[in-house]
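Report on the structure
Single-letter residue listing:
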Amino acid sequence: MDEMPHERGDIPVSRRGLVIGATLAGVPLVRSDAAAQGAATRGSVPGSLEVSLTVNGEARRLVLDPRASLLDTLREGLALTGAKKGCDHGQCGACTVHLDGRRVASCLTLAVQADGRAVTTIEGIAPAEGDLHPMQQAFIDHDALQCGYCTPGQIMAAIACVQEGHASNPDEIREYMSGNLCRCGAYAGILAAIQDAAPKMRVG
Amino acid sequence: MRPFSYARADGQAAAIRAVSAGGAGTRFLAGGTTLYDLMKLGVEAPERLVDINALPAIRGFDTTGPRELVFGAGARMSDVAADPRLVAEYPALSESLWKAASQQLRNMASLGGNLLQRTRCAYFRGGEPFACNKRVPGSGCAAREGIDRGHAVLGGSEACIATYPGDWAVALAAFDGVVDVAGPNGSRSIPLDALHREPGTTPEVETSLGRDEMILRIRVPVTPLGRASTYHKIRDRESYAFALASAAVALRMEGEVVREARIALGGLATRPWRAREAERGLVGQRLTAEAARAAGDAALRGARPGHHNAFRIELGARTVADALLIARQRV
Ligand SMILES: Cc1cc2nc3c(=O)[nH]c(=O)nc-3n(C[C@H](O)[C@H](O)[C@H](O)COP(=O)(O)OP(=O)(O)OC[C@H]3O[C@@H](n4cnc5c(N)ncnc54)[C@H](O)[C@@H]3O)c2cc1C
Ligand code: SF4
Ligand code: FES
Ligand code: FES
């Protein structure tokens, strides 16, 4: 992906520009022309769209090339580099984030599809500055990483795995964590960490 | 990636109109796990995407009806897989969903998009310099003389031997699913079994769906065969992989004797593959290990191996046999 999003909160553009439907019936396709023109004067690609989303609790407005993935937008546009790019094709889980509370592969999510939604990344899970989420602590306690590249994705997937109720036994954890590959093979530690953190999360 | 414009539809009719009026480069977008993936590879290059995720009318599903189960095309794989009634009464349908992809992808992917997922043939996905009749009609088929380990042993043609990779459509085929679609000229229903096409001489035409027809919902008739069913999926690794061979089977038994059987194969054919001859052969038989194996052989009858995939004929027969014995225990 070469076109990166630019953060911009100063130009009032209606988000209705994203929407086709009843109010615009008969118009084959509407792009946010105001946004496109505004962005064009700033050197953005034509067809850019203004998007509002909440990232780790903070409201953000972005002008996006529709091609941008949520992963690239987080990493390059918002400097949230916790989510990693392993494959960029949904095959490894390193880019896992939560969208409206559910885990997704951010590499296969168009950033414009996150408009109006809440994104949580690894940077947003600690209860307070300096504290760790129980799952983060458990990964440390159980040596659930070696190089650490897959770890933010593993932890985001693991938290969701527990919240979904898919962490009741080792087989179930393995099945519902299978979307996260670890080239270092830290699987035994990851399994132990999730088993350890699950009851603590339920309490907390 | 080629630039494209994006718009979100907030009404079904508007979405269909937009895709219809937009011409060949305009496409529906659901979860994007097939389409966006292939756009990144340059295999798909739409000019306009019409996002249908905000249409509430296609998001729901209802498995409690007296006559049929109804699944909105926009329902997410993860939500449907976890439906308690489906898990209990139609395990094959639930299994075909949760044994597919990963939970991240199942949270994103829609049931309608799932049906229309495209082959994982590496030469199709790989783009240039590989010849591929599906990607560039008339260019040839690199798989025929290449690595065809995962390619189809059933339903292939001179032009293309690409495997249909999906699981959900295979389970639906076994249960006589029907797909309701709407286009600019109205609505119609397509039996699941008539949705996907064999490649023949036009492998680029994969389904009987019009370009501007939207899948609204999938319906499955309520059947007593639901409970004794399974989706048995054999993969290179235990999870998060496409099928090397899979079988959706469902049974109605009377004691030891099979009264009715459904068998559909996945991962082995160019489309979801209903094995009706194998089904007929089981009726009236006691379901012994030998009878199950005979059904497996019947299901794979006519299979044609390539260079590296002959093992999947035997694997397919065993998968069917094992699936029948698993389903039998659920009566
Ligand atoms: C790493 C990986 C592993 C996977 N493993 C498996 C697996 O094991 N088993 C399996 O079955 N699948 C697997 N998949 C495929 C996945 O399930 C599909 O990509 C997904 O179901 C497609 O749904 P979607 O909503 O994302 O579709 P999209 O990508 O949004 O759309 C796919 C196609 O359908 C069209 N479309 C979408 N919705 C409609 C509609 N309502 N009406 C008309 N046209 C529509 C789009 O225009 C597009 O052409 C895997 C995918 C990945 C990336
Ligand atoms: S098998 Fe089909 S999809 Fe694969 S290279 Fe040959 S023509 Fe293309
Ligand atoms: S980077 Fe998204 S799944 Fe690999
Ligand atoms: S810790 Fe290195 S890839 Fe998982």
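Residues numbered from 1 in each chain as written. Chains lettered and ligands numbered in written order. Predicted model: local features only at pLDDT ≥ 70, side-chain atom pairs only at ≥ 80, totals over all residues. Heavy atoms only, no water.

Residue and element names in this part refer to chain B. With antiparallel pairing, 4 strands are arranged side by side in an open sheet as 9-10-11-12. Edge strands, defined here as strands with exactly one partner in the open sheet, are strand 9 (229-234) and strand 12 (273-274). Examined bridge by bridge, strand 9 and strand 10 (residues 245-254) share 6 bridges and lie antiparallel to one another. If you follow His232 over to strand 10, its bridge partner there is Ala247. This element, helix 5 (residues 91-98), spans strand 9 and strand 10 of the sheet and lies at about 25° to strand 9. (Pairing = 2+ DSSP bridges. Helix = DSSP H or I, 4+ residues; strand = E, 2+ residues; numbered from the N terminus. Contact = heavy atoms within 4.5 Å. Axes fitted to C-alpha atoms, helices over the stretch in contact; angles between N-to-C directions.)

Moving on, we get to the site of ligand 1. Lining the immediate environment of ligand 1, one finds 33 residues, of which Phe28, Thr33, Thr34, Ser110 and Asp167 of chain B sit closest. With respect to ligand 1, the chains having nearby residues are chains A and B. Between ligand 1 and Lys233 of chain B there is a distance of 2.9 Å, counted from an oxygen atom to a side-chain nitrogen or oxygen. Within the backbone of Ala241 of chain B, an N or O atom sits 3.4 Å from an oxygen atom of ligand 1. Computed on the free molecule, ligand 1 has an accessible area of 980 Å², of which 96% lies beneath the protein chains in the complex. (Near = heavy atom within 4 Å. Polar contact = N/O pair within 3.5 Å; in protein donor to acceptor, adjacent residues only side chain to side chain. Areas by Shrake-Rupley, 256 points an atom, 1.4 Å probe, with all protein chains shown as cover.)

Further remarks concern the domain arrangement of chain B. The domain architecture assigned to chain B consists of domain 1 (1-50) and domain 2 (228-328). On a C-alpha basis, the centroid separation for the pair domain 1 of chain B and domain 2 of chain B is 36 Å. (Domains from an automatic or database assignment.)

We now examine the nonpolar core. Counting residues in hydrophobic clusters, the biggest one holds 39 residues, and the most contacted among them are Phe71, Leu93, Leu111, Leu115 and Trp168 of chain B. Where this core is concerned, the elements lending two or more residues are strand 5 (68-72), helix 3 (77-81), helix 5, helix 7 (111-115), helix 9 (168-174), strand 6 (178-183), strand 8 (214-221) and strand 10 of chain B. Those residues in contact with Leu111 of chain B that sit more than four places away from it in its chain are Phe71, Gly72, Ala73, Ala75, Met77, Val80, Leu97, Trp168 and Ile218 of chain B. Grouped together as the second largest cluster of nonpolar side chains are 34 residues, Leu74, Leu108 and Val119 of chain A together with Phe4 of chain B included. (Core = buried A, V, L, I, M, F, W, Y, C linked by side-chain atoms within 4.5 Å. Buried < 20%, exposed > 50% of the residue type's maximum accessible area, 1.4 Å probe, protein only.)

What follows concerns the confidence of the model for chain A. All names here are of chain A. Put simply, chain A has an average pLDDT of 84, and 77% of its residues get 70 or more. Scored below 50 in pLDDT, residues 1-16 shows 48 contacts in the model against residues more than four places distant or in partner chains. Throughout residues 21-43 the model reports pLDDT below 50, and contacts reaching past four residues in sequence, or to other chains, amount to 46 contacts. (pLDDT = per-residue confidence, 0-100.)

Time to look at the interface of chain A and chain B. Chain A puts 44 residues into the contact, and the matching count from chain B is 46 residues. Of the roughly 3,600 Å² buried at the junction of chain A and chain B (both faces included), carbon and sulfur atoms supply 55%. Run the count over chain A and chain B and you get 3 salt bridges. Across the salt bridge formed by Asp79 of chain B and Arg102 of chain A, the nearest N and O atoms sit 2.8 Å from each other. One can count 21 residue pairs in polar contact (both at pLDDT 80 or more) joining chain A with chain B. A total of 4 residues in the side of chain A that touches chain B trace back to one element, the largest contributor, which is strand 6 (residues 102-105) of chain A. Taken together, the residues of the side of chain A that touches chain B break down into 22 nonpolar, 14 polar and 8 charged. (Buried area = accessible area lost by both parts, 1.4 Å probe. Salt bridge = Lys/Arg side-chain N within 4 Å of Asp/Glu carboxyl O. Nonpolar A, V, L, I, M, F, W, Y, C, P; charged D, E, K, R; others polar.)

Let us look at the sheet that holds strand 7 (residues 186-191) of chain B. Residues and elements named next belong to chain B. Spatial strand order, 4-5-8-6-7: 5 strands in an open sheet with antiparallel pairing. Of all strands in the sheet, those with a lone pairing partner are strand 4 (61-62) and strand 7, marking the two edges. Relative to strand 8, strand 5 runs antiparallel, the two sharing 5 bridges. Across the sheet, residue Glu68 finds its bridge partner in strand 8, namely Pro221. Helix-sheet contacts for helix 1 (residues 12-22) involve strand 6 and strand 8, and the interaxial angle to strand 8 is about 120°.

Time to look at the pairing of strand 11 (residues 257-266) of chain B. Residue and element names in this part refer to chain B. For strand 11, the buried fraction is high: 7 of the 10 residues fall into the buried class. Alignment of strand 10 against strand 11, held across 9 bridges, turns out to be antiparallel. Residue Arg252 lies in a different strand from strand 11, and its bridge partner there is Glu260. Between the antiparallel neighbours strand 10 and strand 11 lie 2 residues, among them Gly255 with a positive phi of about 65°. Sheet topology places strand 11 next to strand 12; 2 bridges connect them, and they run antiparallel. By the bridge assignment, Ala264 is partnered in strand 12 with Arg274.

Before going further, it helps to spend a moment on the confidence of the model for chain B. Keep in mind that low pLDDT regions are not for reading the predicted coordinates in detail. The predicted model of chain B has a mean per-residue pLDDT of 97, with 100% of residues at 70 or higher. Scoring the predicted complex yields pTM 0.93 and, for the interface, ipTM 0.96.

This part is about the side chain of Lys233 of chain B. All names here are of chain B. With respect to the helices, strands and loops of the structure, Lys233 is situated in strand 9. Of the residues examined, Lys233 reaches a relative accessible area of 7% and is grouped as buried. Polar side-chain contacts of Lys233 include one of 2.7 Å to the backbone oxygen of Lys99. One polar contact links the side chain of Lys233 to the main-chain carbonyl oxygen of Ala241, over a distance of 3.0 Å.

Further remarks concern the packing of helix 4 (residues 151-164) of chain A against helix 6 (residues 187-203) of chain A. Residue and element names in this part refer to chain A. Axis separation between helix 4 and helix 6 bottoms out at 10 Å; the angle between their running directions is 50°. For the element pair helix 4 / helix 6, the angle class is oblique. Considering how the two elements wind past one another, helix 4 and helix 6 form a crossing that is right-handed. Contacts from Gln154, Ala158, Ile159, Val162 and Gln163 in helix 4 reach Ile190, Ile194, Ala198 and Met201 in helix 6. For the contact of helix 4 with helix 6, the class distribution of residues is 7 nonpolar, 2 polar and no charged. (Parallel < 35°, antiparallel > 145°, perpendicular 65-115°, else oblique. Left-handed = near helix turned anticlockwise from the far one by under 90°.)

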